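These are the residues of each chain, in order.
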Amino acid sequence: MLNERVSAAKKIAADLHHAEDAIDEAMIRIAQLAATLPTARRDTNMSAIVGQTELQRIDRVVEAIGELRLHLLEAQAGLRGFVLSGNEAFLAPYDGAARERPATVAELEELLAEDSLQRARLLATNALYEKWRGDVAEPAIDESRTTPLEHVEAAIDARGRLIELGAASESE
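Read on for a plain summary of the structure. Everything numeric here is computed off the predicted structure, so don't read it as measured data. (Residues numbered from 1 in each chain as written. Predicted model: local features only at pLDDT ≥ 70, side-chain atom pairs only at ≥ 80, totals over all residues. Heavy atoms only, no water.)

### Re the packing of helix α2 (residues 52-85) against helix α4 (residues 116-146)
For any two helices packed against each other, the geometry comes down to the angle between their axes and how far apart the axes lie.
So, step 1. Remark: α2 packs on α4, axes separated minimally by 10 Å, with the N-to-C direction vectors making an angle of 15°. Classified by the angle their axes make, α2 and α4 are roughly parallel. Two packed elements cross with a definite hand, and for α2 against α4 that hand is left-handed. On α4, the residues touching L68, L72, A75, Q76, L79, F82 and V83 of α2 are L122, Y129, W132, A137, A140, I141, S144 and R145.
So, step 2. In terms of residue class, the contact of α2 with α4 is built from 12 nonpolar, 2 polar and 1 charged. (Axes fitted to C-alpha atoms, helices over the stretch in contact; angles between N-to-C directions. Helix = DSSP H or I, 4+ residues; strand = E, 2+ residues; numbered from the N terminus. Parallel < 35°, antiparallel > 145°, perpendicular 65-115°, else oblique. Left-handed = near helix turned anticlockwise from the far one by under 90°. Contact = heavy atoms within 4.5 Å. Nonpolar A, V, L, I, M, F, W, Y, C, P; charged D, E, K, R; others polar.)

### Some remarks on α4
So, step 1. For α4, spanning 31 residues, the distance from its first C-alpha to its last is 43 Å, which sits close to the expected 45 Å at 1.5 Å a residue.
So, step 2. At R133, α4 is bent by approximately 40°, the largest bend along its length.
So, step 3. Q118, L122, T125, N126, Y129, W132, R133, V136, A137, A140, I141 and S144 are the residues of α4 that are buried. (Expected span 1.5 Å × (residues − 1). Bend = angle between axes of the 7 residues up to and from the residue. Buried < 20%, exposed > 50% of the residue type's maximum accessible area, 1.4 Å probe, protein only.)

### Digging into the pattern of salt bridges
So, step 1. According to the stated counting rule, one finds 12 salt bridges in the structure shown.
So, step 2. In this structure, R60 engages E107 in a salt bridge whose closest nitrogen and oxygen atoms are separated by 2.4 Å. Of the two residues, R60 is situated in helix α2 and E107 in helix α3 (residues 91-111); the sequence distance between them amounts to 47 residues.
So, step 3. Connected via shared salt-bridge partners are R60, E63, E67 and E107. (Salt bridge = Lys/Arg side-chain N within 4 Å of Asp/Glu carboxyl O.)

### Some details on α3
So, step 1. With 21 residues, α3 should cover 30 Å at 1.5 Å per step; its first-to-last C-alpha distance of 30 Å lies within 8% of that length.
So, step 2. The sharpest bend along α3 reaches about 35° and sits at E100, with the proline P102 one to four residues further on.

### What to know about the nonpolar core
So, step 1. Ranked by size, the top nonpolar core spans 28 residues in total, and within it V61, I65, L79, Y94, L108 and W132 carry the most contacts.
So, step 2. Per-element tally for this core: the top contributor is α2, with 10 residues. (Core = buried A, V, L, I, M, F, W, Y, C linked by side-chain atoms within 4.5 Å.)

### Focus on the packing of aromatic side chains
So, step 1. Taken as a whole and judged by the stated rule, the model has 2 aromatic pairs.
So, step 2. Arranged with centres 6.3 Å apart and planes meeting at 65°, the rings of Y94 and W132 form a pair that is edge-to-face. Placement of the pair is Y94 in helix α3 and W132 in helix α4, with a sequence separation of 38 residues.
So, step 3. In this structure W132 comes out as buried when scored by relative accessible area, which is 3%.
So, step 4. Considering the side-chain rings of Y129 and W132, the 5.5 Å spacing of their centres and the 45° angle between planes classify their relative orientation as tilted. Of the two residues, Y129 and W132 are both situated in helix α4; the distance of 3 residues between them amounts to about one turn of the helix. Neither Y129 nor W132 differs from the other in exposure class; each is buried.
So, step 5. By way of ring pairs, the aromatic residues Y94, Y129 and W132 are connected into one cluster. (Phe/Tyr/Trp six-rings, centres within 6.5 Å; stacked < 30°, edge-to-face > 60°.)

### Overview of unusual backbone geometry
So, step 1. Of note, N45 is a non-glycine position whose phi angle comes to about 60°, a positive value.
So, step 2. Topologically, N45 is positioned in the loop between α1 (2-43) and α2.
So, step 3. According to the relative accessible area criterion, N45 is exposed, its value standing at 74%.

### Side note on the environment of Q76
So, step 1. Looking at the secondary structure, you find Q76 in helix α2.
So, step 2. Given a relative accessible area of 6%, Q76 falls into the buried group.
So, step 3. Along the backbone, Q76 and H17 are 59 residues apart, and their C-alpha atoms lie at a distance of 9.8 Å.

### Thoughts on the packing of α2 against α3
So, step 1. The geometry of α2 relative to α3 is characterised by a closest axis approach of 8 Å and an angle of 155° between their N-to-C directions. The angle between α2 and α3 places the two elements in the roughly antiparallel class. Relative to α3, α2 is oriented so that their crossing is left-handed.
So, step 2. In terms of residue class, the contact of α2 with α3 is made up of 14 nonpolar, 3 polar and 7 charged.

As structure tokens, then:
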């Protein structure tokens, strides 16, 4: 049973790497643009006010992409922790990412409205996340809830008792 859960956790990690790669690529391209704008402004001897609004938009895009990446990482880590331990507390970051991610995606859609290529990448990444969530994450959660890991729970309990015994013997 534990091997099946470890295998599921590895599949989860592999699937999310594709989404993370897409987000990294978007961040790289936006960072390149952020460097190009002030360089072009300086090289053409234009006022610093030229392009300022666009630089602020790019800054917000980079921040939102970072938030989206964090949501994916939190979802992955939370799910992995839950699948391996059966402890519902590990689902808090997974659930938080599920709640917060749609607003971040909507903000990015608005910020990228005029950039069809980046918007398409965002939508593809979001679709990949939704597919991962429906095909991998939710079934893994359901299975973990219906098939408890008694041997893991016993090992955790036994370790806790060993720690308690060690603390008791140190105090004597």
